[in-house]
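Report on the structure
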Amino acid sequence: MTATADPALAADALRERRFFLSLSLPALFIVGLAAILPILWIIRQSFLTTGGEYTFGNYEKVLSSGLTWSALVTTLELSLATLAICILLGTPLALALASARPRVANVLMAFVMLPLWTSILVRTYGWLVLLRRDGLINAALTGSGLTAEPLPLVYNFTGTLIGMVHYMLPLFLLPVYAAMRDIDANLIRASSSMGASLGQVIRTVILPLSAGGIFSGSTIVFIYTIGFFITPAVLGGGKVNPLSTRIERTLSTFQDWGSASVLGILLLIVMAMIGVMFLAARRLSTRNGAAHA
Amino acid sequence: MESLPITIDSVSKSYGTYVALDDVSLDIQAGEFLTLLGPSGSGKTTLLMALAGFVRPDSGKLLLGDRDITRLAPNKRDIGIVFQNYALFPHMNVLANVAYPLALRKMPKAEARRRALDTLARVKLEGLSERNIAALSGGQRQRVALARAIVFEPRVMLMDEPLSALDKNLRETMQYEIRRLHDDLGITTIYVTHDQREALIMSDRIAVMNSGRIQQIDTPQRIYDRPSTRFVAEFMGEANIVAPGLVRRIDGADASRATLMIRAESFHLDEKLVGRDGIALEGTLRAKAFRGENWLLTLALDGGGQEVLVCIPAALASGCGELATGQRVTAYAPAAKVHPLPETIA
Ligand SMILES: Nc1ncnc2c1ncn2[C@@H]1O[C@H](COP(=O)(O)OP(=O)(O)OP(=O)(O)O)[C@@H](O)[C@H]1O
Ligand SMILES: [Mg+2]
């Protein structure tokens, strides 16, 4: 038997839902204003000549230029390399933090988070001081005789990568650490009591159960690093040119809003594609993870 | 399968100034089912975790057979554990959970699968092997945990309140099944609970713990009838601790000088049901309650007003319904059921 719904109660439910939806309006307004509108404007710009006439010329120019594609490759190389290093350094670090005693973990966490409170510009120039030919690191290396010549640590790919990893590591660490900390200690004990060595515990219990956190961290790293500008601009010394610096160059040197807009759209598409890829991979992995070991 | 005796020799553990285990010694025979019984915070889990290797004792020795395991790594101890929250791996299905210890031992896949399925059948879970853990009921999870703990044929089994999350009926079924499984396999088992009935039903012997110490270790019957301390007496069911001087011998002889422990259900209201060497308690009825299978009477004893619980089986208590509060009542108990508490005998 189904009772007929009371219209008054249904109206109450509707009113409640509307109220909670309405809470999102201010945020939606800002997002609309600050994100959607500029993007629409950029899309329009990309079809305009400097004279203000409609054209596909910007697309032809940008997409046929070798510089664009090498910038795209550099962008992906930087992002992937940053991500790889973040995973290699960050996962063990998160594991160490998660297994430390709470007080020790809090202190260590504060150190990890400290860079996040410093402006990226300050940090980037900080690295410049450390990594220059006559910087602290090279002075120490040559001074102690470890290397005869100063190492080329900056104004190149390596320097850019160091700066980017430094920026991204805490952001990668947070979700991984949270996931690992939430693993029930009894699961680890159970695994070990059944005979698992430390390596087996990590491989069969800890990593699978923190995969969600590693995924989130990776997504953050990728989305951030795709659009990184300051670090490649300062530490790359003009030799590392991802899409972001190309956009800036196109604008500041050539005042070519049309081409810059096309590059911007290209960046947007790459980001969206990677976002979708991550989501799909995540869905796939959780589905498999639920069904199998 | 060969099971091993366990020796716990003067084990102590403190957390800061808090003493969680206070010089605990315990010998468990090979194949025995021993229950650690005690209130919350008495150190039961700490003792189990020390045996499993997850809590490092401050001092003392742990032996499995004649092998000293005090400093052995947990994964080398070969101990099966059923955790209170089951600790099943959420990212593996039922079969993978049960086959996990076998996979760690590099057993060929087909054989591991067969063994795991056999064990699942033993705990009556055949047919659920491909299920996700999240899709199991509490009782089914409990069985998976049990299967996973026995599948690798450990020589010792530790169970930490494995039934506390189940409802009463299921708990009783599982008590019976766990005990049967133990009798089939003969694994030396230490079982933790704070439910005294569960301890009485399941155990060969019970060790009663309080504040990190073992108060008494004995068979269920002796723990119940002959508690050595007031704590044990009161923890195991409705016990009356009666000061000397409030009791009268029916035959007029001198009554004991010790403090007495008399269980509520040892009393009769009919003098004829108790021998001449039994005792009598006189007082006024404070309260009465009908509990289905019995009546519970509360008497305030003459000379001090100490309250005593008297439990009369409904079948023998035709008159209880008519008793009115304030009425004088005499309760009798046979000599065999009157237990002088050893700790009070100077
Ligand atoms: N890591 C720890 N740090 C500090 N105190 C602890 C720690 N582990 C246990 N204790 C303390 O030791 C005492 C004994 O704990 P234990 O878990 O052994 O109790 P239990 O008998 O298992 O209780 P329950 O029936 O509630 O499970 C408790 O008072 C607890 O607070
Ligand atoms: Mg406990």
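Residues numbered from 1 in each chain as written. Chains lettered and ligands numbered in written order. Predicted model: local features only at pLDDT ≥ 70, side-chain atom pairs only at ≥ 80, totals over all residues. Heavy atoms only, no water.

**Some points on the overall build of chain B**
What counts is decided by this rule: Here a helix means four or more residues in a row that DSSP labels H or I, a strand means two or more in a row labelled E, and each is numbered from the N terminus. Under the scheme applied here, a residue whose accessible area is under 20% of the maximum for its type counts as buried, over 50% as exposed, and between as partly exposed, the area being computed with a 1.4 Å probe on protein chains only. By definition, residues are in contact when any of their heavy atoms lie within 4.5 Å. Residue exposure ignores everything except the shown protein chains as possible cover, and the areas themselves are Shrake-Rupley values with a 1.4 Å probe. The charge count treats Lys and Arg as positive and Asp and Glu as negative. His and the chain ends do not count. Charge placement uses NZ in Lys and CZ in Arg. For Asp and Glu, CG and CD serve respectively.
Looking only at helices and strands, one finds eight helices and 18 strands in chain B. On the principal axes, the C-alpha backbone points of chain B span a range of 75 × 45 × 35 Å. Looking at the 346 residues of chain B, the share that counts as buried comes to 50%. The contacts in chain B between residues at least 6 apart in sequence include a share of 66% that link residues at least 24 apart. Total accessible area computed for chain B in this model is approximately 15,500 Å², and 49% of it derives from carbon and sulfur atoms. Between the mean site of the 42 positive side-chain charges and the mean site of the 41 negative ones, chain B shows a separation of 5 Å.

**What about the interface of chain B and chain A?**
Stated formally: Computed with a 1.4 Å rolling probe, the buried area is the accessible surface lost when two parts are put together, summed over both parts. Counted as salt bridges are all cases of a side-chain nitrogen of Lys or Arg within 4 Å of a carboxyl oxygen of Asp or Glu. Polar contact is the term for a pair of N or O atoms within 3.5 Å; when the atoms are in protein, one must be able to donate a hydrogen and the other to accept it, and sequence-neighboring residues count only if both atoms are side-chain atoms. The residue classification treats Ala, Val, Leu, Ile, Met, Phe, Trp, Tyr, Cys and Pro as nonpolar and Asp, Glu, Lys and Arg as charged. All others, Gly included, are polar.
If you look at the interface, chain B gives 24 residues, while chain A gives 22 residues. A combined buried area of about 2,000 Å² lies between chain B and chain A, and 59% of that area is made up of carbon and sulfur atoms. Contact with chain A buries area across many residues of chain B, yet Asn75, His91 and Leu104 of chain B alone supply 30% of it, more than any other trio. In this assembly, chain B and chain A are joined by zero salt bridges. Applying the counting criterion to the chain B and chain A interface returns seven residue pairs in polar contact (both at pLDDT 80 or more). When contributions to the side of chain B that touches chain A are tallied by element, the ones reaching two or more residues are strand S6 (79-82) and helix H2 (94-104) of chain B. At four residues, H2 of chain B tops the list of elements feeding residues into the side of chain B that touches chain A. Taken together, the residues that form the side of chain B that touches chain A break down as 16 nonpolar, five polar and three charged.

**Remarks on the packing of aromatic side chains**
Counted only if it meets this: What counts as a ring pair is set by centres within 6.5 Å for rings of Phe, Tyr and Trp (its six-membered ring), and what kind of pair is set by the plane angle: stacked under 30 degrees, edge-to-face over 60, tilted for all other angles. Comment: the charge-over-ring label is applied if NZ (Lys) or CZ (Arg) is within 6 Å of the ring centre and within 35 degrees of the ring normal.
Tallied over the entire structure, the rule returns 12 aromatic pairs over all chains. Ring geometry for Phe47 of chain A and Tyr59 of chain A: centres 5.1 Å apart, planes at 35°, overall tilted. One end of the pair, Phe47 of chain A, is in the loop between helix H2 (25-46) and helix H3 (57-63); the other, Tyr59 of chain A, is in helix H3, with 12 residues separating them in the sequence. A residue is classified by how much of its surface remains accessible, and Phe47 of chain A, at 26% relative accessible area, is partly exposed. Positioned above the aromatic ring of Tyr224 of chain B is the side chain of Arg263 of chain B, whose terminal nitrogen or guanidinium carbon lies 4.0 Å from the ring centre.

**Considerations on the nonpolar core**
Where a protein is soluble and globular, its nonpolar side chains tend to be buried together. Under the convention used in this document: The term nonpolar core refers to a set of buried residues drawn from Ala, Val, Leu, Ile, Met, Phe, Trp, Tyr and Cys, joined through side-chain atoms within 4.5 Å.
Grouped together as the largest cluster of nonpolar side chains are 122 residues, with contacts concentrated most on Ile8, Leu36, Leu146, Leu158, Ile178 and Ile190 of chain B. Core analysis: the second largest hydrophobic core is formed by 22 residues, Val242, Leu281, Val310 and Ala317 of chain B among them.

**Description of unusual backbone geometry**
Unlike most non-glycine residues, Tyr155 of chain A shows phi in positive territory, near 60°. Tracing the chain through its elements places Tyr155 of chain A in the loop between helix H7 (136-143) and helix H8 (157-181).

**A short note on the site of ligand 1**
Residue and element names in this part refer to chain B. We apply this condition: A molecule or strand has a residue near it when one of that residue's heavy atoms lies within 4 Å.
Not every one of the 13 residues close to ligand 1 is listed here, only the nearest: Ser40, Gly41, Lys44, Thr45 and Thr46. Ser42 has a polar backbone atom sitting 3.2 Å from an oxygen atom of ligand 1. At 3.0 Å from an oxygen atom of ligand 1 is found a main-chain nitrogen or oxygen belonging to Gly43. With the chains in place, 61% of the 640 Å² that ligand 1 exposes on its own is no longer accessible. Listed by contribution, the elements that provide at least two residues to the shell around ligand 1 are strand S2 (18-28) and helix H1 (44-52). In terms of residue count, the dominant contributor to the shell around ligand 1 is H1 (three residues). The class makeup of the residues in the shell around ligand 1 is four nonpolar, seven polar and two charged.

**Quick notes on the domain arrangement of chain B**
Residues and elements named next belong to chain B. The line we're drawing: In this entry, domain limits derive from an automatic or database-based domain assignment.
Here chain B is described as being made up of domain 1 (6-235) and domain 2 (239-344). Computed over C-alpha atoms only, the centres of domain 1 and domain 2 are separated by 39 Å. Listed by partner, the interface residues are 10 residues for domain 1 and 11 residues for domain 2. Summing both sides of the interface, domain 1 and domain 2 together bury roughly 940 Å²; the carbon and sulfur share of this comes to 48%. Counting across the domain 1 and domain 2 interface gives zero salt bridges. At the level of secondary structure, the elements contributing two or more residues to the side of domain 1 that touches domain 2 comprise helix H7 (220-225) and helix H8 (230-235). Its residues placed into classes, the side of domain 1 that touches domain 2 shows four nonpolar, two polar and four charged.

**Brief notes about the sheet that holds strand S13 (residues 260-263) of chain B**
Residue and element names in this part refer to chain B. So the rule is basically this: Two strands are said to pair when DSSP picks up at least two bridges between them.
Strand order in this open sheet of three strands is S11-S13-S18, and the pairing throughout is antiparallel. This sheet does not close on itself; its edge strands, each paired only once, are strand S11 (239-242) and strand S18 (339-340). Bridge analysis of S13 against S18 gives two bridges, and the strand direction is antiparallel. Looking at the pairing, Leu260 lines up with Pro340 of S18.

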